[in-house]
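Survey of secondary and tertiary structure
If you want the building blocks of each chain, they are given just below.
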Amino acid sequence: MSILGLDIGSHNVKLIELLKNSNGVTLLAAGSMPTPPKTLSSNLGVDQQALAHLIRELIKGTGARSTDVNISLPEAQVFTRVIEMPSLSTRELTSAIKWESEQYIPLPLDQVNMDYTVLSDGKDTANGKMKILLVAAPKALTERYMQIMELTELTPLAAETEIIALSRSLVRSVPTVANVMILSLGAQTTDIAILRKGILMFTRSIAAGGDALTRTLSESLDFTLLQAEAYKKTYGLERNILEGKIVAVVKPVMDTIVSEMKRAIGFFEETYKNEHIGVILLTGGNAKLPGLIPYLAEHTGIEVQQGNPWVGIAKDPRFAVLNAEGPLFAVAIGLALRE
Ligand SMILES: Nc1ncnc2c1ncn2[C@@H]1O[C@H](COP(=O)(O)OP(=O)(O)OP(=O)(O)O)[C@@H](O)[C@H]1O
Ligand SMILES: [Mg+2]
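As the structure is a computational prediction, the values presented were derived from the model and not from experiment.

Re the domain arrangement of the protein
- In terms of domains, the protein is made up of domain 1 (2–75 + 139–174 + 309–337), domain 2 (77–137) and domain 3 (203–305).
- For domain 1 versus domain 3, the distance between C-alpha centres works out to 25 Å.
- Counting residues at the interface gives ten residues for domain 1 and ten residues for domain 3.
- Of all the secondary-structure elements, those providing two or more residues to the side of domain 1 that touches domain 3 are α4 (162–170) and α9 (326–337).
- Grouping the constituent residues of the side of domain 1 that touches domain 3 by class yields seven nonpolar, two polar and one charged.

Things to note about the sheet that holds strand β11 (residues 199–206)
- An order of β11-β10-β9-β12-β13 is seen for the five strands of this open sheet, with the pairing classed as mixed. A strand with exactly one partner marks an edge of an open sheet, and here the two such strands are β11 and β13 (304–306). Looking at each pair of strands side by side, their axes are set apart by 20° on average, direction ignored.
- Pairing of strand β10 (residues 190–196) with β11 involves seven bridges; the strand directions are antiparallel. Directly across from Thr190, in β11, lies its bridge partner Ile206.

Considerations on the pairing of strand β9 (residues 179–185)
- Buried residues dominate β9, accounting for seven of its seven residues.
- Because side chains alternate across β9, one face comprises the buried residues Asn179, Met181, Leu183 and Leu185, and the other comprises Val180, Ile182 and Ser184, equally buried.
- Note: β9 against β10, seven bridges, orientation antiparallel. When the sheet's bridge partners are listed, Leu183 is paired in β10 with Ile192.
- Between β9 and the antiparallel strand that follows it, β10, lie four residues.
- Strand direction decides the pairing type here: β9 and strand β12 (residues 279–283), joined by five bridges, are parallel. Counted as the bridge partner of Met181 is Ile280 from β12.

Definitions and limits used
- Residues numbered from 1 in each chain as written.
- Chains lettered and ligands numbered in written order.
- Predicted model: local features only at pLDDT ≥ 70, side-chain atom pairs only at ≥ 80, totals over all residues.
- Domains from an automatic or database assignment.
- Contact = placed C-beta atoms within 7 Å.
- Helix = DSSP H or I, 4+ residues; strand = E, 2+ residues; numbered from the N terminus.
- Nonpolar A, V, L, I, M, F, W, Y, C, P; charged D, E, K, R; others polar.
- Pairing = 2+ DSSP bridges.
- Axes fitted to C-alpha atoms, helices over the stretch in contact; angles between N-to-C directions.
- Buried ≥ 20, exposed ≤ 12 C-beta atoms within 10 Å, placed from the backbone.

Spelled out as structure tokens, the structure:
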């Protein structure tokens, strides 16, 4: 049975259809379309209909057949946290987590859909504590997404945050690296995750992404947004362009991102002394920014690579153009890979 992964971003809607059977995983359909501006955050019926219409167009255009879909929720609007708990039985755990979560979740518990996953049972950690991934999505947010899904006539099977989907799709490309950071550079947000032995141990969402880079370029160099976008894509963080002017202009935005990365690295090294992050995997539309890899490697001292979500997925030659589009589809691929 094939399944759809649908990543509705502020800039682009991405769709992937994967078939999983005894032969492995095969790509059946893939495509993306620009999100109609401001529709994603709107509660208006017309905006939701516009989005649903676009999703149906995308399905038609890509020839996707399945109606079962996993969708992603924007990291910035969902509370995700890895917490530690003493080793407890399943029943004890449920009530203990409910009680614990009140101090982590800044909304009344009756306004969120809460879920948790046991990441580690405590047998492999020095202090013997369990690690729990706590996820709480505001009900208003999930209801909005469910209304959009209803209009598309798709059957949503699961909703999960972008980082969880990314962890699934990207970690497969670096099976020999114990500790991996994922940096997802979207349009409005940048999301950071750290995985230890494939298990999520840290997540953070920053309200600065590729749009902020484009905006500073346009304001500082007196370009229109379209010109600034073109400049960003062509020159990115290349140091020797316009005597380094572009890098200088976008530095404040990059500094915000780099300092959050460093804080996350510090937190990891504090938690697991003598362990290090082996690689940083880039993803999201802005991962293709020219010069980004050496820039981040220099500022963090860690190897940086483009994340490759296509590893282990068989695809027809007609999909060859997608090889370079891994950063765009990584969330949708992770969603479609969900068991
Ligand atoms: N070749 C490129 N080089 C640099 N940036 C690019 C390139 N192509 C697209 N982008 C940027 O990627 C972003 C769109 O990517 P993406 O589709 O991942 O965003 P999104 O998922 O819609 O955003 P968000 O997750 O923040 O809601 C835009 O900021 C765009 O400027
Ligand atoms: Mg995105």
